[in-house]
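What follows is each chain in one-letter form.
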Amino acid sequence: KNRRKPPEMKVVQTAKISLMRKLWWILHRRGFEVRRTEQWCWPDQVRLAGADSRTIFDVGANSGETAAHYLELFPEATVHCFEPMPDYVQLMRNRFASEPRVAISETALSARNGTAEFHVNVGKDTSSLLAPDIAAMPSSYSTTIATEKKIQVKTETVSAYCAANTIATVDLLKMDVQGGELGVLEGAADMLASGAIKVIYTEVFFTPMYQNQPLFAAISSYLAGHGYQLHALYNSTFNGHTGRLQWADAVFVSPSMSSESINLLRQTHTA
């Protein structure tokens, strides 16, 4: 069959493209950026870690939304969920009561084993082991990140948990821990040194939200010291007033995954 588009359709498409380019240029000159929505966050994790991955750590698991997604993406994996907030832990226990591939730990992964003070904020998703840096926040956000109460939580290192559960390799380590990323990595130093954690998917910050918060450069530098390299950034969020990059998600890969990372970037460059 002749599948060529009729001439009038080509004219309409050409006009749309021309209009889009004009709009882009007008917005660009006024300091605004228009770009495609990022779409590679999940496919990249699957292709790098491998669809046959067996061990996934969901650190800062919240109510289990990401864990449920990982169960679909990695049908052979056990997802180990770490969450220190009791309400979220109960939601996950109810949600995954009949799911044998989910292991739930009511703990905050950190640089040391023990207990710590945890800041439960008005916006529950901003809660953290770190105190919020209210002075660094715009007034529109300061009330959301303000601490509502403090609770004592159990802390554990990645290495201690793996030793206790006979886990030699973590295929994918996901972190959403509101400024506590470096602490989690420090608690996994021996596994990072041996490359036992294949892929890391983590939220990273470029401007501070919490007191004494390690930013992207500190996390990237620490991982580089163990031979890990940045694969890509995803889901970037920019300040609506200044345009400055505030936070994003990042994927880092172990030394053994370096060539695979480069090949994947080549394949998706023009996709």
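From a predicted model like this one, the values you see are computed outputs, not experimental measurements. (Residues numbered from 1 in each chain as written. Predicted model: local features only at pLDDT ≥ 70, side-chain atom pairs only at ≥ 80, totals over all residues. Heavy atoms only, no water.)

With 28 residues, the main nonpolar core has Phe 57, Val 59, Leu 173, Ile 197 and Ile 200 as its most contacted residues. When residues of this core are traced back to their parent elements, those giving at least two are β1 (55-59), α6 (158-164), β7 (170-175), α7 (181-186), α8 (189-193), β8 (197-205), α9 (216-224) and β10 (245-253). Contacts of Ile 197, omitting those with residues within four sequence positions, involve Val 170, Leu 173, Ala 188, Met 191, Leu 192, Tyr 228 and Ser 254. (Core = buried A, V, L, I, M, F, W, Y, C linked by side-chain atoms within 4.5 Å. Buried < 20%, exposed > 50% of the residue type's maximum accessible area, 1.4 Å probe, protein only. Helix = DSSP H or I, 4+ residues; strand = E, 2+ residues; numbered from the N terminus. Contact = heavy atoms within 4.5 Å.)

What follows covers helix α4 (residues 86-95). Among all positions in α4, only Tyr 88, Val 89 and Met 92 are buried. Along the axis of α4, the buried residues cluster in a sector spanning 100 degrees; they form a single face. Turned more than 90 degrees off the buried face of α4, the exposed positions are Asp 87 and Asn 94. Buried residues along α4 sit in contact with β2 (78-82) and β3 (102-105). (Arc of directions from axis to C-beta.)

Now for the sheet that holds strand β4 (residues 108-109). Taken in spatial order, the three strands make up an open sheet running β4-β6-β5, and their pairing is mixed. The open sheet is flanked by β4 and β5 (114-121), the only strands paired with a single partner. Taken together, the two bridges between β4 and strand β6 (residues 147-156) define a ladder with parallel strand orientation. From the neighbouring strand, Ala 108 faces β6, where its bridge partner is Thr 155. (Pairing = 2+ DSSP bridges.)

Our focus in this paragraph is the layout of surface pockets. To find leftover empty space, one rolls a probe the size of a water molecule over the atoms. Of the pockets and cavities examined, the largest pocket occupies roughly 610 Å³. Gly 60, Lys 174, Asp 176, Val 177 and Gln 178 are the residues nearest the centre of the largest pocket, which is lined by 39 residues in total. When residues of the lining of the largest pocket are traced back to their parent elements, those giving at least two are β1, α3 (65-73), β4, β7, β8 and β10. Sort the elements by how many residues they give to the lining of the largest pocket and β8 lands first, with four residues. Partitioning the lining of the largest pocket into residue classes produces 19 nonpolar, eleven polar and nine charged. (1 Å grid on protein atoms, 1.4 Å probe; cavity = no way out; pocket = protein on both sides within 12 Å on 5 of 7 lines; lining within 4 Å. Points joined across faces, edges and corners; volume = space filled by probe spheres on them. Nonpolar A, V, L, I, M, F, W, Y, C, P; charged D, E, K, R; others polar.)

The subject of this paragraph is the sheet that holds strand β9 (residues 229-238). What the seven strands build is an open sheet, ordered β3-β2-β1-β7-β8-β10-β9; its pairing is mixed. Only two strands of the sheet have a single neighbouring strand rather than two, namely β3 and β9. Going from strand to strand, the sheet's axes swing by 15 degrees on average, the running direction of each strand aside. As defined by bridge partners, β2 adjoins β3 across four bridges and the pair is classed as parallel. (Axes fitted to C-alpha atoms, helices over the stretch in contact; angles between N-to-C directions.)

The next thing to look at is the pairing of β2. Of all the five residues making up β2, four are buried; the element is thus mostly covered by neighbouring parts of the structure. Judged from the five bridges that link them, β1 and β2 form a sheet pairing that is parallel. Counterpart to Asp 58 in the pairing with β2 is Cys 81. As for the winding sense of the linkage, the β-α-β connection from β1 through α3 to β2 is right-handed. Read as a crossover between parallel neighbours, the route from β2 over α4 to β3 is right-handed. (Right-handed = clockwise from strand over helix to strand, strands pointing away.)

Turning to the pairing of β10, a few remarks are in order. Burial analysis of β10 places seven of its nine residues in the buried class, which makes it a mostly covered element. Here β8 runs beside β10; their pairing, made up of seven bridges, is antiparallel. Residue pairing across strands places Thr 202 opposite Ala 250, the latter belonging to β10. Where β9 and β10 come together, seven bridges link them in antiparallel fashion. Bridging across to β10, Phe 238 finds its partner in Leu 245. In this structure, the hairpin formed by β9 and β10 is closed by a connection of six residues, where Gly 243 is found at a positive phi of approximately 80 degrees.

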